[in-house]
Amino acid sequence: MRAALKEAEKAQGQTSPNPAVGAVLVIDSRIVARGHHRGAGHDHAEIECLRNFTDDVPARATLYVTLEPCSTVGLTAPCTTAIIKAGVKNVVVGTTDVNPRHFGRGITQLRNAEVNVRDGILAEKCARLNEGFNKWIVTGRPFVIAKCGMSLDGRLTRHPGEPRWITGFGARRDAHQLRSHVDAVVVGAETVRLDNPRLTVRGKRHAKQPWRVVLTRSGNLPPKARLFSDRRAARTLVYKRKDLVVVLEDLGKRNVTSVLIEGGGEVLGQALDAHLIDKVQLYLGPILTGGPIIAFSGRGANATQTAIHLDAVSYRRIGQSVCVTGYLKAKEI
């Protein structure tokens, strides 16, 4: 299953609005074929894997797949039909499909065809792989990641006239690659005015470019900004005087399954106050700036007990910077 996960990761960020899925075929403890879903309209992982095995599938073979095989007709035929037709007798599934159209049906179809099915193998890792798809397919809203590079005193900027960067080059490159895994990047109007960002994926061949989303109250945006004048200008959306919840719902209707909020501090604060953030990825630079812009400049918690806590927290050192990743705990009622 770990090998199947590695297959799925090859197309991470390229398959939306479909999930990323990997599969491997094993005979006598040896992987004999691999496959992964490359994007909407392409063969699913199971189909590619079975096609890559040119012989007849023996009864002792086992197909490992990170996500429950689909059981309905979409842009491609049902994977369950292909698995049964290929003569596969043993299937190991990482996690069930949360899509109500598919949930549990694929496993049931396989078992009804006398295929031995084991499920729930490395289920949490397999589910994490498609956290954006899973939320979007159930709620209609994209999965929201809040990302920023900040100083140890919680600032996004240094004082005017000082060097711009807070984190090191390695941390900035790591953060930049995060864009390649999401469908849209969201910033506030002030970020556009001050930084004139591109918000594109660079340094990665054949990367899928995310939507660039700008939130503005006044609509007073520089027309010559890169977002409106470069060759990807058609991939820029502007929302004027729209609540963030409304923006996320509209993006969900556009098949946006995951969103990266990059700033500024006011937008991050609004998202935090409204409990719209699912995950944070913060890059801490070894610096105290006392700069004017606070990372999350929202209302804040009125007591430590009411602050938002993180789950599944991880820390990575990248050069002299530290990346902190965590999932926001659901608000208790």
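Preceding this paragraph is the structure being described.
Residues numbered from 1 in each chain as written. Predicted model: local features only at pLDDT ≥ 70, side-chain atom pairs only at ≥ 80, totals over all residues. Heavy atoms only, no water.

Q: Is there a simple way to think about the overall build of the chain in this case?
A: If you tally the helices and strands in the chain, you get 11 helices and 13 strands. Its C-alpha atoms give the chain a radius of gyration of 22 Å, near enough to 20 Å, the size a compact globule of 333 residues would have. In the chain, buried positions account for 48% of the 333 residues. Contacts in the chain between residues far apart in sequence, at least 24 positions, make up 72% of those at least 6 positions apart. Averaging the coordinates of the 49 positive side-chain charges in the chain and doing the same for the 30 negative ones gives two points 6 Å apart. (Helix = DSSP H or I, 4+ residues; strand = E, 2+ residues; numbered from the N terminus. Rg over C-alpha atoms; globule rule 2.2 N^0.38 Å. Buried < 20%, exposed > 50% of the residue type's maximum accessible area, 1.4 Å probe, protein only. Contact = heavy atoms within 4.5 Å. Lys, Arg positive; Asp, Glu negative; His and termini not counted. Charge placed at Lys NZ, Arg CZ, Asp CG, Glu CD.)

Q: Would you mind going over the state of the cysteines with me for this structure?
A: In protein structure, a disulfide is the covalent linkage between the sulfur atoms of two cysteines. Within the structure shown, the criterion is met by zero disulfides. Cys79 forms no disulfide, and the closest cysteine sulfur to it belongs to Cys70, at a distance of 3.6 Å. When its relative accessible area of 0% is taken as the criterion, Cys79 is described as buried. Free of any disulfide, Cys148 has its nearest neighbouring cysteine sulfur in Cys323, separated by 10 Å. By relative accessible area, which is 3% here, Cys148 ends up buried. (Disulfide = S-S within 2.5 Å.)

Q: How do you make sense of the sheet that holds strand S4 (residues 90-95) when you look at a structure like this?
A: Neighbouring strands of a sheet are bound in pairs by backbone hydrogen bonds; such pairs are parallel or else antiparallel. Here we have five strands laid out as an open sheet, ordered S2-S1-S3-S4-S5, and mixed in their pairing. With one partner strand each, in any of the chains shown, strand S2 (30-36) and strand S5 (116-119) form the two edges of the open sheet. Along the sheet, successive strands turn relative to each other by an average axial angle of 20°, direction set aside. Pairing geometry for S4 and S5, over four bridges, is parallel. Within S5, the position partnered with Val91 by the bridge is Val117. Along the sheet, helix H1 (residues 2-9) makes contact with strand S1 (22-27), S2 and strand S3 (62-67), crossing S1 at roughly 145°. Relative to S5, helix H4 (residues 105-112) is tilted by about 150°, and along the sheet it contacts S4 and S5. (Pairing = 2+ DSSP bridges. Axes fitted to C-alpha atoms, helices over the stretch in contact; angles between N-to-C directions.)

By themselves, these observations are geometric and do not establish any function.
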